[in-house]
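# Analysis of the macromolecular model
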Amino acid sequence: MEQNTEQIIEQEQENKAEKPKKVKKVIPENGCSRFRWVITFILSFIIGSLIGGVMAKIITEEVAIFKAGGSLAFLSEYMNAMITFFFSFLVTIFFIKKIAKTSFRSFVLGTARVKHTKEVWEIIGLYVIGIVLGTLPTIGNVTVTTAPVSQILITIVAALIFTWFQTTTEELWFRGIFARFAYGDDIKKPFCAGTFFLVLFSSVTFMAMHIANPEVQTSSGTDVVFSILTYLIPGIMLMVSDLYLGTLEAGIGIHWINNLLGFTVLGAEVSAGASPTIFIDHTTVNKGFWALIGTAIAYAPVLIYIIVKSRKNREIS
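Description of the structure in this document. (Residues numbered from 1 in each chain as written. Predicted model: local features only at pLDDT ≥ 70, side-chain atom pairs only at ≥ 80, totals over all residues. Heavy atoms only, no water.)

## Some details on helix α5 (residues 118–134)
Applicable threshold: Only runs of H or I of at least four residues qualify as helices and only runs of E of at least two qualify as strands under DSSP, and these elements are numbered from the N terminus. Residue count minus one, scaled by 1.5 Å, sets the expected span of a helix. Throughout, exposure labels follow a simple rule: accessible area from a 1.4 Å probe, protein chains only, divided by the maximum for the residue type, with under 20% read as buried, over 50% as exposed, and the rest as partly exposed. Picture the helix axis, draw a direction to every C-beta atom, and the arc is the one those directions span.
Compared with an ideal rise of 1.5 Å per residue, which puts 17 residues at 24 Å, α5 spans 24 Å between its outermost C-alpha atoms and is within 8% of the ideal. When we look at burial in α5, the residues that qualify are E119, V120, I123, I124, Y127, G130, I131 and G134. Down the axis of α5, the buried side of the element spans an arc of 135 degrees, and every buried residue falls inside it. Turned more than 90 degrees off the buried face of α5, the exposed positions are K118 and W121.

Next up, the structure:
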């Protein structure tokens, strides 16, 4: 008995003396390392943009309907951007599958099954309410378009088909891959210092990619800063929504609705969409400032919802 006790003590001492083995940090899903997520982002962004840009240029410049006098000539600039993102989307999905070894569905949802939870629909619904309220400050500058009804209808059909690819691709690039790099398969995380830097870095990157947009380039003075910040707020809120829900569903839905409405219902005189919309906002004085105010109002209901629900969840747990 005493001998067994001594052996046990010796064994414990030997175990303590052993140096702990270093555990290699990997992304939970399929063991995909952070390095592979970095490669996925770089290749998707660079090669996707390159192939998409070349294909868009070929199609819009060679296909007769997009040329001067063609039935879709009025949409050539818009379709150039949408075709670029269509092919970028295909390239991104290819690299997500081949390099990260992850299916599109599990990448977006964090699971193999479609969720579409109540919270996802509530957040999307609140954003729709918010975006309507966000148009009120400049509603006096809005007029009905003079574009033919046929062009509006064609634009709506084209936007319904292609806008999803554009917004989803951006969500994969600037939210999905960033979140997977930081948290792996389980992106539903409580707010902490790491989360703050993830949200800030991804949002600033998203904002930087939009500096060349006409809305920014045609602004002047302090309005340039306001116009740029207009892209920071969505970047922050979309990532916060994704981290809160643990899925990209709400972010993709909000981004799609925002751009769809901007391309078809209410557009500015100078816009990245370059498509005829039903209504046009002619705000020219401090347009960057008012755009920032409108954006803040649009996302306010979503922010309030997430704060309230997070507190309730903490109280329950």
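## Here we look at the side chain of D242
To keep it simple, the criterion reads: By the counting rule applied here, Lys and Arg register as positive and Asp and Glu as negative, while His and the ends of each chain are not counted. Every case where a carboxyl oxygen of Asp or Glu lies within 4 Å of a side-chain nitrogen of Lys or Arg is listed as a salt bridge.
Structurally, D242 is set in helix α9 (residues 222–245). Buried and unpaired, D242 has R175 as its nearest opposite-charge partner, separated by 4.8 Å.

## So, the packing of aromatic side chains
Stated formally: Side-chain rings of Phe, Tyr and Trp (the six-membered ring for Trp) are treated as a pair once their centres are within 6.5 Å; stacked means planes under 30 degrees apart, edge-to-face means over 60, and tilted covers the remaining angles. Either the NZ atom of lysine or the CZ atom of arginine qualifies as a charge over a ring when it sits within 6 Å of the ring centre and within 35 degrees of the ring normal.
Tallied over the full model, the rule gives 23 aromatic pairs. Look at F89 and W164: their rings are 5.3 Å apart centre to centre, the planes differ by 65 degrees, and that puts the pair in the edge-to-face class. Here W164 lies in helix α6 (residues 149–183) and F89 lies in helix α3 (residues 76–98), a separation of 75 residues in the sequence. On the basis of relative accessible area, F89 is assigned to the buried category, the value being 7%. The partly exposed category is assigned to W164, whose relative accessible area is 29%. Centre to centre, the rings of F94 and F95 are 5.4 Å apart; their planes meet at 70 degrees, and the pair counts as edge-to-face. Judged by relative accessible area, which is 45%, F94 ranks as partly exposed. Using a relative accessible area of 11% as the deciding quantity, one classes F95 as buried. Over the aromatic face of F181 sits the side chain of R34, whose NZ or CZ is 5.9 Å from the ring centroid.

## Some details on the packing of α5 against α9
Heads up, the condition is: Here, axes are lines fitted to C-alpha atoms. For helices the fit covers the stretch in contact, and angles between N-to-C directions go from 0 to 180 degrees. Any angle that is under 35 degrees is reported as roughly parallel, and any over 145 degrees as roughly antiparallel; angles of 65 to 115 degrees are reported as roughly perpendicular and all others as oblique. Helix crossings get a hand from a simple test, with the near helix turned counterclockwise from the far one by less than a right angle marking a left-handed crossing and a clockwise turn marking a right-handed one. Whether two residues are in contact is decided by their heavy atoms: any pair within 4.5 Å suffices. When residue character is reported, Ala, Val, Leu, Ile, Met, Phe, Trp, Tyr, Cys and Pro are called nonpolar, Asp, Glu, Lys and Arg charged, and the others, Gly included, polar.
Close contact between α5 and α9 brings their axes to 11 Å; oriented N to C, the two are set at 165 degrees. Considering the angle they form, α5 stands roughly antiparallel to α9. Classified by chirality, the crossing of α9 by α5 is right-handed. Two secondary-structure elements touch here, α5 through E119, V120 and I123 and α9 through S241, Y244 and L245. Its residues placed into classes, the contact of α5 with α9 shows four nonpolar, one polar and one charged.

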